[in-house]
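Per-entry structural report
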Amino acid sequence: MVLSLIIGLLCLFANPSASMADSPKAISLYAGHSESLLALGYGDRLVGVSQSDDPDLFPGRVRLPVRFDPESIIALSPDLVLIRPMIETVNRRAVDTLRRSGLTVISMEPSSWDGLEDYVRRLSELMGGDAVESVAKLRSEISELTEMSSERRGDRVQKVYFLETGEGGVRTCSPASWAAGVLSLAGLENGAPDAEPIKNGSPLAYYGLERLLSLSSKGLDLYIVQKGTMNDVDEDDVIHRPWMKAFKGTELVFIDEKDLTRPSLFRLEKTVRMLVERAYGEKR
């Protein structure tokens, strides 16, 4: 027993980075990454998060802006910096500085709902965790939520839903997006399955007023509008938009953009259950 302990200590001092590699410290500059790491059990490894992260979820962590000073990140001595492509686009010089300093910077995001397992697998591997176990837990959670929504829906016809986002004309979620996947998991039928992404891989799609109005004749049950920093809409203005007269009898629902469109494993169950209760009533 003592000999084994001595050998273990010798190995540790011979390779002082071994323990660090098993438990890397990370900085996440995208709230979706931060919350997903939290859900996967790696929240304690985060030494810094983005300013858009919920401070209650990450108390005491350094909070960093999108346009960050690379020295502020280097000073935290992380083993890994997680960003997404948008951050690399708007702050390319700072990202290049981090990479030249020797830091590992990974730019990623779940490009589609179908890519969720690959995303979870990659996050777990980057944090030195068991990727197989993480994916198994994800599959179990999705299976439970699917069963729950199916049970609550019963034999009732699936309701038709539409998602509008922000400014720039009538827009909806692209069929392969995180939001579309969450709606489907809640047992809801997306009213705009024919929407085409603004660009390849984008979670947003233009839909147009004419096609939106055509949904009013298809028995649209809910009209969902997301609100938040990226979608600063006034509820009264939405209610009084001229085309809303066509949706008389359709329930107007406002939802926090963080809950519906942010790819967050932490919010997944809460959002699905909220949508199920809104659509099919409280559990009987």
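The rules behind these values
- Residues numbered from 1 in each chain as written.
- Predicted model: local features only at pLDDT ≥ 70, side-chain atom pairs only at ≥ 80, totals over all residues.
- Heavy atoms only, no water.
- Axes fitted to C-alpha atoms, helices over the stretch in contact; angles between N-to-C directions.
- Helix = DSSP H or I, 4+ residues; strand = E, 2+ residues; numbered from the N terminus.
- Parallel < 35°, antiparallel > 145°, perpendicular 65-115°, else oblique.
- Contact = heavy atoms within 4.5 Å.
- Nonpolar A, V, L, I, M, F, W, Y, C, P; charged D, E, K, R; others polar.
- Core = buried A, V, L, I, M, F, W, Y, C linked by side-chain atoms within 4.5 Å.
- Buried < 20%, exposed > 50% of the residue type's maximum accessible area, 1.4 Å probe, protein only.
- Domains from an automatic or database assignment.
- Salt bridge = Lys/Arg side-chain N within 4 Å of Asp/Glu carboxyl O.

Going by the annotation in an unreviewed UniProt entry, the name recorded for the protein chain is Iron complex transport system substrate-binding protein, with Dethiosulfovibrio salsuginis given as the source organism.

1. A short note on the packing of helix H3 (residues 31-39) against helix H13 (residues 265-280)
As a packed pair, H3 and H13 sit with axes 6 Å apart at the nearest point and diverge in direction by 85°. Relative to H13, the element H3 lies roughly perpendicular. Taken together, the residues of H13 that come into contact with H3 (itself represented by Glu35, Ser36, Leu38 and Ala39) are Leu265, Phe266 and Arg267. Broken down by class, the residue content of the contact of H3 with H13 amounts to four nonpolar, one polar and two charged.

2. Some points on the nonpolar core
With 44 residues, the main nonpolar core has Ile224, Leu260, Val272 and Leu275 as its most contacted residues. Both domains that furnish three or more residues to this core are identified here as domain 1 (26-109) and domain 2 (155-280). Beyond its immediate chain neighbours, meaning those up to four positions away, Leu260 contacts Leu163, Trp178, Ala179, Val182, Leu183, Ile224, Ile255, Thr271 and Leu275.

3. A few points about the pattern of salt bridges
A full pass over the atoms with the stated rule returns 14 salt bridges. Residue Glu117 pairs with Arg139 through a salt bridge whose shortest N-O separation is 2.9 Å. Of the two residues, Glu117 sits in helix H7 (residues 116-126) while Arg139 sits in helix H8 (residues 131-153), which places them 22 residues apart along the sequence. Here Glu117 falls in the partly exposed class, since its relative accessible area comes to 26%. Relative accessible area serves as the criterion here: at 49%, Arg139 is assigned to the partly exposed category. Between Lys137 and Glu133 there is a salt bridge; the shortest N-O distance is 3.3 Å. Taken as a pair, Lys137 and Glu133 lie in helix H8 at a separation of four residues, close to a single helical turn. For Glu133, a relative accessible area of 41% corresponds to the partly exposed category.

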